[in-house]
Amino acid sequence: VVLCPTDFSLQSGIALKFAETIARVFGAKLTVLHAAESDAPAYFTDAQLQEIASQEQQVEEEGTIQIKDFAKEHLGAECEFDAVFVGDSPTAAILDKSLRANTLLIALGTHGRSGFEKLRFGSVAEAVLRGSNSPVLTINENIKAVEAINIARIVCPVDLTPESEKSLGFASEMASRFDAELFVIHVRADDPDVNADQDLTTLCSWVPADAKAKCKLQELVRHGDISKEILNAATELSADLIVIGARHGIFGDETLGAHTFEILRNARAPVITIPMNK
C-alpha cells in the first residue's frame, strides 16, 4: 500500500500525484486518507448517543466524497484508489493505518518554511516522520505542481552509517523501478587521513548488483554545512527525488540525521526519509 494522507491543500495534491505514480510503478494499492477529530462532547446522555452516531456517519460519508472528488481532480476519473475517512487526529490515523497495512510509503504535503513545529499540517508531518516505520515522502512549498510526474534523477546522500545503507538500498530499488539515474553523494570533511577510495568502495558494495548499471557515484568534498551542500548538489543535478536515512529521534544528534529537517524544509525536490528504529 502507498498511503497518501491529505488535507486537500495544493502540496498534498502534489504528494498525491507522486503517491499514485509510485504505487503504479510498484504495483501497489493507493489509499487516500483524510482524518478529522470529532467534536463530540466528553460527556453525553443516552439520548444524545444516537444523534452523535448519526452525525458521525454523515460526516464520514461527506468526508469520503470529498476525498474522492479531490483525488479525481488531481489524478483523473480513471485512477483506482481507496478513499478512507477517519474520525481521529491526523497523526494517530496515519500511523495506525500505516501499521495495519503493508505500507510501502507514506506521501504527504507540508506547509511553510520556518520550521515543522510551527506548521498546521507540518506538525503532523513531523510527528509522522518521528513515528513511522515506513518511508515517508514529503512535499514542501518549494515543490511546484506539474502535469505529470517524472522520476529520472535520484540523489541519495550518505555518511557511511547503517541509516545510509538502508536509504541507499531503497534509493537503488526506486532507481531500478523507474529506470532512473542514481547519484550517491558522500559529503565529508577534507581530512587527509580519510581514504576516499575506501569510501567509494564501501558505497559500491551497498548498491545491489542489478542497480549498479544505473548508479553514478559522485564524491563531493566541500566545506560548510552538510545540509546546504546536499541541497546544492541536488539542485545542480536537477534531482527529481532525494532519499535520505534517519534514525527515529536522531534529528538533533551529530550524524547526517541532524540535517534532515533542514533538507526537508528547503529541498526543491520531494524527499523520502527512510526510518531506522533504535
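Averaged over the chain, the pLDDT score is 80; the fraction of residues at 70 or greater is 70%. Looking at the elements of the chain, mean pLDDT is at its lowest for helix α6 (residues 196-206), recorded as 61, and at its highest for strand β1 (residues 2-5), recorded as 97. Segment residues 113-121: pLDDT under 50, and 24 contacts once partners within four positions in sequence are set aside and those in other chains are kept. Below a pLDDT of 50 lies the segment residues 252-256, which in the model reaches 11 contacts outside its immediate sequence neighbourhood of four places, other chains included.

So, on to the nonpolar core. Across soluble globular proteins, nonpolar side chains have a tendency to be buried as a group. Ranked by size, the top nonpolar core spans 42 residues in total, and within it L30, L137, I154, M174 and I272 carry the most contacts. Looking at which element gives the most residues to this core, the answer is helix α1 (residues 10-26), with eight residues. In this structure, L30 is in contact with V2, C4, L16, A19, E20, A23, L75, E80, F81 and D82, ignoring residues within four places of it in sequence. Core analysis: the second largest hydrophobic core is formed by 30 residues, L3, V84, A125 and F183 among them.

The next point concerns the packing of aromatic side chains. To describe a pair of aromatic rings, one takes the distance between the centres and the angle between the planes. Inspection of every chain in the model, using the stated rule, returns one aromatic pair. For the pair F8 and F70, a centre-to-centre distance of 5.4 Å together with 75 degrees between the ring planes defines the contact as edge-to-face. Note that F8 is positioned in the loop between β1 and α1 and F70 in helix α2 (residues 46-75), a separation of 62 residues in sequence. With relative accessibility at 7%, the residue F70 sits in the buried group.

About the thresholds
Residues numbered from 1 in each chain as written. Predicted model: local features only at pLDDT ≥ 70, side-chain atom pairs only at ≥ 80, totals over all residues. Heavy atoms only, no water. pLDDT = per-residue confidence, 0-100. Helix = DSSP H or I, 4+ residues; strand = E, 2+ residues; numbered from the N terminus. Contact = heavy atoms within 4.5 Å. Core = buried A, V, L, I, M, F, W, Y, C linked by side-chain atoms within 4.5 Å. Buried < 20%, exposed > 50% of the residue type's maximum accessible area, 1.4 Å probe, protein only. Phe/Tyr/Trp six-rings, centres within 6.5 Å; stacked < 30°, edge-to-face > 60°.

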